[in-house]
Amino acid sequence: MAALRRTSEPRLWRYVIALGSNQRQHRCGSPRAVLGAAVRAMAAAGLVVEQVAPVIESAPVGPSWRRYANGAAVVCSVLSPPDVLAVLHAIEAQFGRRRARRWGTRVLDLDIVLWEGGVWRSGRRRPLCVPHVAFRDRSFVLGPAMALVPSWRDPVTGFTLSQLHGRLTRAIHTPRGAHPGGIDRT
């Protein structure tokens, strides 16, 4: 593996990492157990695990038919976002992750959702975007992340995780007399 780069300031950076699994693993067992083992693997790889959210179950995104176990963790590291991602990819590979098909069944999926340093954009072939480009639209990511750090702000929108989660999950109320399709038929 290439030499790991440290961020310009010698400090610990906090990251929110999303965890997901919808396939049993021969050593760990159920997807829920895979997530627990993945947290231990992050710690063994040198990431300081500060907090871990309770695991939730969610419907799959895309063609996979298996339900997911999802969670989140707050980790600290002196490593830059690309190097933390390299660590996460190495852990996924240890668990047997194959990057063959987007949104397919997977033993383990680890994504950087947020970074205490704000926004990070890099790469052309496999770009890294922090914050994660789709996290605002995924309650299975926002829910566990919000349980850990509800007041963290999305550096792009300025909203807290709690606000983003509320915006995503609130019920849409139709004004009295208005048709749900937006046409007032009174």
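Residues numbered from 1 in each chain as written. Predicted model: local features only at pLDDT ≥ 70, side-chain atom pairs only at ≥ 80, totals over all residues. Heavy atoms only, no water.

Visitor: Go over the pattern of salt bridges, please, and point to the residues and values.
Guide: Scanning the model with the defined rule gives three salt bridges in all. Note that R14 is salt-bridged to E50, the shortest N-O span being 3.0 Å. Separated by 36 residues along the polypeptide, R14 in strand β1 (residues 13-21) and E50 in strand β2 (residues 48-52) bring together distant segments of the chain. With relative accessibility at 42%, the residue E50 sits in the partly exposed group. (Salt bridge = Lys/Arg side-chain N within 4 Å of Asp/Glu carboxyl O. Helix = DSSP H or I, 4+ residues; strand = E, 2+ residues; numbered from the N terminus. Buried < 20%, exposed > 50% of the residue type's maximum accessible area, 1.4 Å probe, protein only.)

Visitor: Hey, could you go over the environment of S58 for me, with residue numbers and the actual values?
Guide: Positionally, S58 belongs in strand β3 (residues 56-58). For S58, a relative accessible area of 8% translates into the label buried. Sequence-wise, S58 and G20 are 38 residues apart; in three dimensions their C-alpha atoms are separated by 9.6 Å. When neighbours within four sequence positions are excluded, S58 is seen to be in contact with R67, Y68, N70 and F140. (Contact = heavy atoms within 4.5 Å.)

Visitor: Any details on the nonpolar core? Residues and values, ideally.
Guide: Core analysis: the largest hydrophobic core is formed by 29 residues, its most contacted members being I17, M42, F95 and L108. When residues of this core are traced back to their parent elements, those giving at least two are β1, α1 (31-44), β4 (68-77), α2 (81-94), β5 (109-115) and β7 (128-130). Ranked by the residues each element gives to this core, the list is headed by α1, at seven residues. Membership of the second largest hydrophobic core comes to 17 residues, among which are A53, V74, F135 and L161. (Core = buried A, V, L, I, M, F, W, Y, C linked by side-chain atoms within 4.5 Å.)

Visitor: I'd like a rundown of α2, residues and numbers included.
Guide: One turn of an α-helix holds 3.6 residues; hence residues three or four places apart share an orientation. Compared with an ideal rise of 1.5 Å per residue, which puts 14 residues at 20 Å, α2 spans 20 Å between its outermost C-alpha atoms and is within 8% of the ideal. Against the buried residues of α2 lie β1, α1, β4, β5, β6 (120-122) and β7. Of the residues flanking the end of α2, it is G96, one or two places downstream, whose phi is positive at about 90°. (Expected span 1.5 Å × (residues − 1).)

Purely spatial values, then, with no claim about function.
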